[in-house]
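# Coordinates in review
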Amino acid sequence: MLDGVSAVLGSAKVAYDLTKGLLDLKEGAAVQEKAIALTGILIELQGHLISAQQEHMALLKRVNELEQLLDATHTKRQKFERYRLHQFPKGSSAYVLRDEHHTEEPKHYICGVCLESEQKVILQPRAMGLVCPKCEAFVYTSQESL
Ligand SMILES: [Zn+2]
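If you're wondering where the values come from, they're calculated on a predicted model, not measured in any experiment.

### Concerning the nonpolar core
If you look at the biggest cluster of nonpolar residues, it comprises eleven residues: Phe88, Ala94, Val96, Tyr109, Cys111, Cys114, Val121, Leu123, Leu130, Cys132 and Val139. One finds Phe80, Tyr83, Ile110 and Leu115 within the second-largest nonpolar core, a separate group that totals five residues.

Spelled out as structure tokens, the structure:
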């Protein structure tokens, strides 16, 4: 699209130069009047095209920013798709590494509170449960083996 806008700008410049050439011929007041009107239109057209080109550049920049954000979000999603919500017998819950990933990492639980802010924090054992070392959320696990 940028090439197209540049081409239009180039054509408008050529039309402007031709119109200016008509003015130089001075072949009658009617031709001169029309050429002046045409020049005004062409100048206005150039202004619109320059604005459109600037808007296009701003949109390209925004698309680039959004693509980077999408990539980052996709990476985070992949990171957390490795976990599933696990509910302990007494009703408390935490995210546990899915079984298919136990060959890569040992089984562990991550904090659901921290996960909401897209942070992976591994819960640590504490009497009768697990605790988040970051936000100190406690997950009651009772006697279930972890
Ligand atoms: Zn936490």
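From this point, the discussion proceeds with the structure in view.
### Some points on the coordination of the zinc ion
At this site the zinc ion is bound by Cys111 (SG), Cys114 (SG), Cys132 (SG) and Cys135 (SG), with donor distances of 2.2 to 2.3 Å. Given four donor atoms and angles of 103 to 116° at the metal, the environment of the zinc ion is assigned as tetrahedral. Along the chain, the residues that donate to the zinc ion are spaced as C-x2-C-x17-C-x2-C. In this pair, Cys114 is assigned in helix H3 (residues 112-116) and Cys132 in the loop between strand S5 (129-131) and strand S6 (138-140), connecting sequence segments 18 residues apart. Given a relative accessible area of 1%, Cys132 falls into the buried group.

Thresholds, definitions, all that
Residues numbered from 1 in each chain as written. Predicted model: local features only at pLDDT ≥ 70, side-chain atom pairs only at ≥ 80, totals over all residues. Heavy atoms only, no water. Core = buried A, V, L, I, M, F, W, Y, C linked by side-chain atoms within 4.5 Å. Buried < 20%, exposed > 50% of the residue type's maximum accessible area, 1.4 Å probe, protein only. Donors = N, O, S within 2.8 Å, 3.2 Å for Na, K, Ca; no water. Tetrahedral: all angles 85-135°; square planar, octahedral: opposite > 155°, others 65-115°. Helix = DSSP H or I, 4+ residues; strand = E, 2+ residues; numbered from the N terminus.

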